[in-house]
Amino acid sequence: MRSSIARLTLAVFTLAAFLPAFGANWHATVGAQDQTKGRQVVAFLPNELWIHQGDSIEWTVKADEIHTITFLTAGQIRPPFQVGCPGFSFGAVIFDGSTCVSTTPMVSGQTFTVTFTSLGNFKFACLVHPDMTGVVHVLDGSVPLPHDQTFYDTQAASQANELLSDLAQLQGHHHAASAHGVVVGAGKTLATAGGHNTISLMRFMQPELLIHAGTTVEWTNDDPSMPHTITFGTEPLDPFPPSGNVSVDPDGALHATISSISDSVHSGFVMSAPQDQICAPQTPLGPTRFRVTFTNPGAYPYICALHDNLGMKGMIVVLP
Ligand SMILES: [Cu+2]
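None of these values were measured; they are calculated from a predicted model.

With that settled, consider the sheet that holds strand E18 (residues 265-266). Within the open sheet, the 5 strands sit side by side as E13-E21-E20-E15-E18. Their pairing is mixed. Bordering the open sheet on either side are strand E13 (208-212) and E18, each of which pairs with just one other strand. With 6 bridges joining them, strand E20 (residues 298-303) and strand E21 (residues 313-319) adopt antiparallel strand pairing. Looking at the pairing, Tyr-300 lines up with Ile-316 of E21.

Here you go:
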């Protein structure tokens, strides 16, 4: 009897040695938005967590702007979000720093769980948004952790509220550059000790503009890192390049002419140049201005092809 209990105990002990340690499950969130979806917090909330080796973190997305949760390996070149890191992970995965993991672009309600099996400090990022990063500190089980889940829940909620009220302020202060100007989104990049956060207004600040035929309207993107498009008519399959009927003015601004409500014109990505990094090649200027000359009266609706799902739409009314 005694020897069979001993054998059973040994068998259980041996089995346990081959299973991953049963760790705690932590929770964090991705993104936040207001009811109109126009104010987007582009951030991991919180963006810094301390956990034990063997613990896991479940992230829940809280916004309709798309985000990925991505752990690249040290020094890995940042890939475009469409290809993953390359490839995608779903549901629940293990990350030990040796192989990257990335979700597909996710929206409100979707979750992703990562179990951390190696000690270390691991940066994570959203591959869609360059200024959206965080860090997970994975410590040995014998080291006390600085915070509990309640702390992170409170921190995530207060950071979301603070950033949403920053966005309300930003929206309140934004005016047209001129009578014929439309500001295409605005935003700010912020930081915590854990990484970068962005807040972005996904709105044309003057959604309806009244002009006379022959006038040129100019759209300017004031957001430091969020691309937008100005799209009349049929939406192109690839939103990145401008349509063939867009030319470049001597000052680098993009320019098109619209003479009929059946015309299709697409600006391509209108955005500022990414930030420079010391000892890396400087980044090329981005097209931040888009101009359209309207030759005939009519009502011309347009969208941002990237953010129309968030309500980013506008209208130019051309009088004789
Ligand atoms: Cu947009």
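With that settled, the discussion passes to the pattern of salt bridges. Evaluation of the coordinates by the stated rule reveals 6 salt bridges. Residue Arg-291 is joined to Asp-249 by a salt bridge in which the shortest nitrogen-to-oxygen separation is 2.8 Å. Of this pair, Arg-291 sits in strand E19 (residues 289-294) while Asp-249 sits in the loop between strand E16 (247-248) and strand E17 (254-258), and the two are 42 residues apart along the sequence. Across the pair, Asp-249 and Arg-291 agree in class, each one buried. Here the salt bridges share partners, and the residues they tie into one network are Glu-218, Asp-249, Asp-251, Arg-289 and Arg-291.

Attention now moves to the coordination of the copper ion. Tetrahedral coordination by four donors sets the ideal angle at the metal to 109.5 degrees; octahedral coordination by six donors sets it to 90 or 180 degrees. The coordination sphere of the copper ion, as far as protein atoms go, consists of His-228 (ND1), Cys-304 (SG) and His-307 (ND1), spread over 2.0 to 2.2 Å. Look at His-307 and you get buried, because its relative accessible area is 2%.

So, about the side chain of Ser-56. Relative to the assigned elements, Ser-56 resides in strand E4 (residues 56-61). Of the residues examined, Ser-56 reaches a relative accessible area of 6% and is grouped as buried. Once residues lying within four places of it in the same chain are set aside, the contact partners of Ser-56 are Ala-24, Asn-25, Trp-26, Thr-113, Val-114 and Thr-115.

Definitions and limits used
Residues numbered from 1 in each chain as written. Predicted model: local features only at pLDDT ≥ 70, side-chain atom pairs only at ≥ 80, totals over all residues. Heavy atoms only, no water. Pairing = 2+ DSSP bridges. Helix = DSSP H or I, 4+ residues; strand = E, 2+ residues; numbered from the N terminus. Salt bridge = Lys/Arg side-chain N within 4 Å of Asp/Glu carboxyl O. Buried < 20%, exposed > 50% of the residue type's maximum accessible area, 1.4 Å probe, protein only. Donors = N, O, S within 2.8 Å, 3.2 Å for Na, K, Ca; no water. Contact = heavy atoms within 4.5 Å.

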